[in-house]
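Examining the three-dimensional arrangement
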Amino acid sequence: MSIETLVEGVTTGRLSRRGFLQGAVALGLSMSGAVALLEACTSSGTPGTSKADLTFVVWSYGVETIKDNIKKLEAKVSGLHVNFQDFAWTNYHDTMVARFAAKTPTDVCYGSDHWLSEWAAAGWLSPLEQKYPDLNGYTSDYFPYVIQGMTYQGKNYGIPYYADTWAFLYNEDHLKKAGISQPPTTWAELTQQSQQIKAKGIANYPVILLFAQDDPGSIEVWTSMVFSLTDGHLFDDSLNPVFNRPGSAAAKTIDWISGALTSKILDPASLTSQEIPVVKAMESGAHTFTILETYNQAELNKSGSGPFSGKFKMAPMPGDTHNTVGYVRFYAVTDQLTKRDSSVVKFGDDFLQYFGGKPDGAISPVVKRWAVENGLGFGWKSLWDDADVRKAFSTWGDPDMLRQNQQLARSKEGLTKYYPSWDVFTRSELQKAYLKQVSTTAALTAMADKWNSLKKG
Amino acid sequence: MSAHIGSRAFWRQAGLWAATAVMLLFILGPILWMLDSSFQGENELLTRPSHVVPQQPTIANFDYIFTGTVPQGQNVRGTLRSRISQEAREIPAALENSAIIALVVALVNVALGALAAYTFARVKFRGKSLVFNFLLGTRLLPAIAVAIPYYAIVSALGLLDSYLGLILVYLTFSLPFTIWFLRDYIMSLPIDIEEAAQIDGCGRLQLFTRIVLPLAAPGLAAAGAFAFMLSYNEFLFALLLTQTIGSQTLPVILSSVATNPDASLALIATSVVLAMVPPLIFAIAFQRFLTRGLVAALGKS
Amino acid sequence: MAELRAGEARRPSRRRSETATRGESGYAYLTLLPVLLIMAAFSLYPIGYSVYLSLHKEVLTDPLNNPFVGFQNFDNVLHSYYLTSSLVSTAAFMVMAVPGVMIFGLLAALLLNEAFAGARILRVAILLPWAMPAVVSGIVWRWLLNGDYGVLNSALYQLGIIHDYIPWLSQPALARVGLAVAHVWREGPLAAIFLLAGLQTIPADLYSAAAVDGAGRLAAFRRITMPLLRPTIVLVLIYETIVAATTFDLVYVMTGGGPADATSLISWFAYAEVFKFLDLGTGAALAFLIALVLLGVIVLYLRVLRSEERR
């Protein structure tokens, strides 16, 4: 339903107040919300039209590549036209909330496992089995954390755009200069090595982490640190918090972070650093250790990135188990798309197969392109054996290390429809704990209370 | 006033200049740094300490915005993560949108606002206080509370993503202040001329156009300038009610470029510099009018 | 003589302003019609709509459940985890921002009022920050205050004032200061312009008379300038209070509400309720509460101003 229909509906009395509210409400209280309000001027959202216009919304990464992929698809499938929109990653969630609530025409969009439950519960996304059962048949070739990240109430909601892990990265040159031969394998070792590097004047703050309150990755970084320890869990199987138990992995992680801030080995700017600033800072050689998405190793080692290009290596997450967070970002089918003409739905199938499925029988060239050109990980197990992929990965990383990290990766815990709200609360609560404004116990208790109250509904 | 070195007058002058210098540093410092940064490449901007004098000056950033030529080479390209902010290239178009919308709002404000203000100032009619207070009262609700409904109204009128939609909304914001301000201003004008003209048989409208408008010129200029600036700077509703570069205004594009971490710092600086050009022109042209108009309104009520 | 009652000296008694003729209501409403139409459309409906939202349960992840809940949403706000902390953040910010703007404005106005060449340069320069969108101020200052490559840190470091770059926006207290500074930078000029206009309405004779009486500059400032400037000061003060209390754009661009929610002002949470917690009812209720408080401030403003006018 388009905005015009909504408003027309209520003024003629056909549409109930509630229906109108659902549609028109939550529009733009802020920048991201406003940016989201794309109208149906150009794209045809009304059912029954013969034009096949698919509206595809993404966050702004690799936009030129996406546009090129779209061009290739349109050349291949006649009659299909893709309207493309992109928004900044840090605003993406809020932007899409406004879009969906206003029923601004959106057919396919990026999704992340953080928000799947929330968006599915709101009725904005539709499970694949509804209109695209064939796309539902690839799950046997996905890693477990990929399947988990795209499943809500037992149903699969997406095709992986890419799937990756959070990796512990370090500057090899810094270590060499400090006379350290091996990267740290425990957090205590990390502290020790950092102190050495700092003492030698190689880096003022050897560690930097992306803990900005507005970056969705910040919760993933913290979670990966928790996972790396023994009993590294946030919730039990019934989704009750276990992180607030005394001596929990979460408590140890918070203590390490606040300790690192106090002893000045962790850059205090971490609290306001999003992903890109962290990447830029690492590239300039200001820091030695960080935790970033794996594809950023490709970015860091790209030629021309800075004085240390090629010198960034990956090691397993320090700790006991070396587990880390694996996440999946995927193409989601909106509820709106499933309600359109069957001819449009068919075009949707072409689109999804091309971008993330198996058009012409083999794994999508788009997936492979992201891997080879940008170093993005993928959800397909079998693609790891592809020679081109291995070759491309070895120019910036160690394919075996990458594979190992994939196997050590686990999906985030607690992915429910209230996880995003809990996430917002938790990010700021964690910062208070890092800054020692509240004690670790108090912060974890607050986080548990918040979770329980959200769960009760 | 001649100032001998050491005299009280001299120290006073010195003190004034010192205070002015500090103030100018605070006001212009950030702006000058943006200007400085727009001629540096990304990598150079990340150095510690910062280079006040660019060591590898370049105009590649400006070149990109106007011609789309992607900066080459390590120093300028720096760390553009697989995407250069395409939005930066929309700044010139956004500048145009902003200027046009703001100009129309200013003109309509002066025309409708002056007419209404004259009525409030000189005409006695029933319900005058009520209407006047209503007009002022409409400005009480903060933007947050009205954002959603405003969207619904503009959408219902089919004016999303159009100049007219934004113009209407900005008129809503600016008219109350304009009317209030001009009412006070007109009330401060000497009444005798009008009374004389009335006796001569001049009608209300003629009084307004022939006598009051010319007299009120400085006040009108000030009111117009305020309305212009209010529209030019407005951000929230511009963001809400526009979707494509056909009508997106400068604050929208600029914030989009700058809050997108994928955009390089150098491009952000360049965008900010370009955004400052119209205000600079405005500041030079209107600084005299503003204070004069204000003085008149404030001093005579 | 310099002790002349300021009110009398400055303002002539309010003369009859209306040039009334009978039966002009028709003309009046005709000339007001376009304005009234626009204003009515954009104010009556929004208020009604907001009220509706605030009285119902509207949570997006529970779309089929929208009962009338009375004042439940308002209750949610009053018992929310963020109410106290965001009010504290807002108060802390305002304590720095409002006096900052007033002091900056007054100093600038005094400087601008002087007849020397510097005043002219300052007059043009001072309009620049105000003539730019608020988001630009946020962007620029965020960059200036950056803890890794910000030029402010660079300057302080090279001058030897600090030994290490300060991560301004990563420390709660300093982040608030940074926010306030960006706010003053942007809002100060408007205050300065208004205060300057106020200064310029003070008749020069008063100062000459005071000088003849042997009163020094400081005495003249205290006895003439400040009292006569009072109405303008009150006007600017109240306007700036409202602006500071509803600051949102700056927070969004500069700090995103962090670190640790230190800069999450009350208007930030009105946004968060809708976009992050997907609770439109509570968001509307909060916006309403903010609006009511502002209404109180504005009524106060109108009262004070009216009483000033009557003097």
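Quick caveat, the model's predicted, so the values are computed rather than measured.

1. Describing the overall build of chain B
Along its length, chain B carries 15 helices and zero strands. In chain B, buried positions account for 53% of the 301 residues. Across chain B, every contact between residues at least 6 apart in sequence was considered, and the portion connecting residues at least 24 apart equals 76%.

2. Quick word on the overall build of chain C
Across its full length, chain C carries 15 helices and zero strands. Computed over its C-alpha atoms, the radius of gyration of chain C comes to 24 Å, more than 25% above the 19 Å expected for a compact globule of 311 residues. In terms of overall dimensions, chain C has a C-alpha envelope of 75 × 75 × 30 Å along the principal axes. Looking at chain C as a whole, 49% of its 311 residues qualify as buried.

3. A short note on the interface of chain A and chain C
Contacts between the two partners involve 35 residues from chain A and, on the opposite side, 28 residues from chain C. Of all the elements in the fold, those that place two or more residues in the side of chain A that touches chain C are helix 2 (17-24), helix 3 (31-36), helix 5 (92-101), helix 6 (116-121) and helix 20 (419-434) of chain A. At five residues, helix 20 of chain A tops the list of elements feeding residues into the side of chain A that touches chain C. Grouping the constituent residues of the side of chain A that touches chain C by class yields 18 nonpolar, 11 polar and six charged.

4. A few points about the packing of helix 1 (residues 8-38) of chain B against helix 6 (residues 117-125) of chain C
When two helices pack together, their arrangement is given by the angle between the helix axes and the distance between those axes. Close contact between helix 1 of chain B and helix 6 of chain C brings their axes to 10 Å; oriented N to C, the two are set at 15 degrees. Judged on the interaxial angle alone, helix 6 of chain C and helix 1 of chain B are roughly parallel. For the crossing formed where helix 1 of chain B meets helix 6 of chain C, the hand is left-handed. For the pair helix 1 of chain B and helix 6 of chain C, contact is made by Leu-16, Trp-17, Thr-20, Met-23, Leu-24, Ile-27 and Leu-28 of chain B and by Gly-118, Ile-121, Leu-122 and Ala-125 of chain C, respectively.

5. A closer look at the pairing of strand 1 (residues 52-59) of chain A
Residue and element names in this part refer to chain A. Extensive coverage of strand 1 is indicated by the burial of seven of its eight residues. Alignment of strand 1 against strand 2 (residues 80-87), held across eight bridges, turns out to be parallel. Bridging across to strand 2, Leu-54 finds its partner in Val-82. With helix 4 (residues 63-76) bridging strand 1 and its parallel neighbour strand 2, the resulting β-α-β unit is right-handed. As paired elements, strand 1 and strand 3 (residues 108-112) share two bridges and run parallel to each other. Residue pairing across strands places Val-57 opposite Cys-109, the latter belonging to strand 3.

6. Structural notes on helix 10 (residues 204-215) of chain B
Residues and elements named next belong to chain B. If you check helix 10, its first and last C-alpha atoms are 16 Å apart, about what 12 residues at 1.5 Å a residue would give, namely 16 Å. Within the span of helix 10, buried status applies to Leu-207, Phe-208 and Val-212. For helix 10, the angular spread of the buried residues around the axis is 95 degrees, confining them to a single face. Along helix 10, exposed side chains directed more than 90 degrees from the buried face belong to Arg-210 and Pro-214. Here the buried face of helix 10 lies against helix 5 (91-122), helix 8 (163-187) and helix 9 (192-199).

7. As for the domain arrangement of chain C
Residues and elements named next belong to chain C. In terms of domains, chain C is made up of domain 1 (52-61 + 71-82 + 264-311) and domain 2 (91-257). Taken together, the contact pairs 11 residues of domain 1 with 13 residues of domain 2. Within the residue set of the side of domain 1 that touches domain 2, elements represented by two or more residues are helix 14 (266-275) and helix 15 (280-310). If you tally residues by element for the side of domain 1 that touches domain 2, the top one is helix 15, at six residues. The class makeup of the residues in the side of domain 1 that touches domain 2 is eight nonpolar, two polar and one charged.

8. Section: the interface of chain B and chain C
Listed per partner, the contact involves 80 residues of chain B and 73 residues of chain C. Element by element, the count of residues in the side of chain B that touches chain C is highest for helix 1 of chain B, at 13 residues. Of the residues contributing to the side of chain B that touches chain C, the split by class is 58 nonpolar, 15 polar and seven charged.

9. Overview of the environment of Phe-308 of chain A
Residues and elements named next belong to chain A. In this structure, Phe-308 sits in the loop between helix 14 (295-301) and strand 9 (312-315). With 114 residues separating them along the chain, Phe-308 and Ser-194 place their C-alpha atoms 18 Å apart. When near neighbours in sequence (up to four residues on either side) are disregarded, Phe-308 contacts Asn-171, Asp-173, Glu-283 and Gly-285.

10. Structural notes on the confidence of the model for chain C
Residue and element names in this part refer to chain C. For chain C, the average pLDDT comes to 83, and 91% of its residues sit at 70 or higher. Here residues 1-15 is modelled with pLDDT under 50, and outside its nearest four sequence neighbours on either side it reaches 15 contacts, counting other chains as well. Interface predicted TM-score (ipTM) for the complex: 0.79; the corresponding pTM is 0.81.

11. Quick word on the confidence of the model for chain B
Residues and elements named next belong to chain B. Averaged over all residues, the pLDDT of chain B equals 78, while 81% of them reach at least 70. Of all the helices and strands in chain B, helix 4 (residues 73-77) carries the lowest mean pLDDT, 43, while helix 5 carries the highest, 90. Contacts of residues 74-84 to residues separated by more than four positions or lying in other chains number 38 contacts, the stretch itself having pLDDT below 50.

12. Some words on the environment of Lys-381 of chain A
Residue and element names in this part refer to chain A. By secondary structure assignment, the location of Lys-381 is in the loop between helix 17 (365-374) and helix 18 (387-394). Residue classification places Lys-381 among the partly exposed positions, given that 13 C-beta atoms sit within 10 Å. When the C-alpha positions of Lys-381 and Glu-118 are compared, they lie 28 Å apart, and in sequence the two are 263 residues distant. Ignoring any residue separated from it by four or fewer positions in sequence, one finds Lys-381 in contact with Asp-141, Tyr-142 and Phe-143.

13. Some details on unusual backbone geometry
With an omega of -10 degrees, the peptide bond running from Gly-258 of chain C to Pro-259 of chain C counts as cis. Inspection of the secondary structure assignment puts Pro-259 of chain C in the loop between helix 13 (249-254) and helix 14.

14. Comments concerning the nonpolar core
Soluble, globular proteins show a tendency: their nonpolar side chains are buried together. Core analysis: the largest hydrophobic core is formed by 320 residues, its most contacted members being Val-108 of chain A, Val-272 of chain B together with Ala-192 and Leu-195 of chain C. Non-local contacts of Val-272 of chain B, meaning those with residues more than four positions away in its chain, are made with Met-34 and Leu-254 of chain B together with Val-136, Ile-139 and Val-140 of chain C.

15. Examining the packing of helix 5 of chain B against helix 11 (residues 217-233) of chain B
All names here are of chain B. The geometry of helix 5 relative to helix 11 is characterised by a closest axis approach of 8 Å and an angle of 140 degrees between their N-to-C directions. Taken together, the axes of helix 5 and helix 11 lie oblique to each other. Handedness of the helix 5/helix 11 crossing: right-handed. Together, Ser-98, Ile-101, Ala-102, Leu-103, Val-105, Ala-106, Asn-109, Val-110, Gly-113 and Ala-114 of helix 5 and Leu-220, Ala-223, Gly-224, Ala-227, Phe-228, Ser-231 and Tyr-232 of helix 11 make up the contact between the two elements. A class-by-class count of the residues in the contact of helix 5 with helix 11 yields 12 nonpolar, five polar and no charged.

16. Observations concerning the pairing of strand 9 of chain A
Residue and element names in this part refer to chain A. Alternating positions in strand 9 separate cleanly, Phe-312 and Met-314 being buried on one face and Lys-313 and Ala-315 remaining unburied on the opposite face. Pairing analysis gives four bridges linking strand 6 (residues 158-171) to strand 9, with the strands arranged antiparallel. Bridging from a neighbouring strand, Phe-168 pairs with Ala-315 of strand 9.

Basis of the calculations
- Residues numbered from 1 in each chain as written.
- Chains lettered and ligands numbered in written order.
- Predicted model: local features only at pLDDT ≥ 70, side-chain atom pairs only at ≥ 80, totals over all residues.
- Helix = DSSP H or I, 4+ residues; strand = E, 2+ residues; numbered from the N terminus.
- Buried ≥ 20, exposed ≤ 12 C-beta atoms within 10 Å, placed from the backbone.
- Contact = placed C-beta atoms within 7 Å.
- Rg over C-alpha atoms; globule rule 2.2 N^0.38 Å.
- Nonpolar A, V, L, I, M, F, W, Y, C, P; charged D, E, K, R; others polar.
- Axes fitted to C-alpha atoms, helices over the stretch in contact; angles between N-to-C directions.
- Parallel < 35°, antiparallel > 145°, perpendicular 65-115°, else oblique.
- Left-handed = near helix turned anticlockwise from the far one by under 90°.
- Pairing = 2+ DSSP bridges.
- Right-handed = clockwise from strand over helix to strand, strands pointing away.
- Expected span 1.5 Å × (residues − 1).
- Arc of directions from axis to C-beta.
- Domains from an automatic or database assignment.
- pLDDT = per-residue confidence, 0-100.
- Core = buried A, V, L, I, M, F, W, Y, C linked by C-beta atoms within 7 Å.

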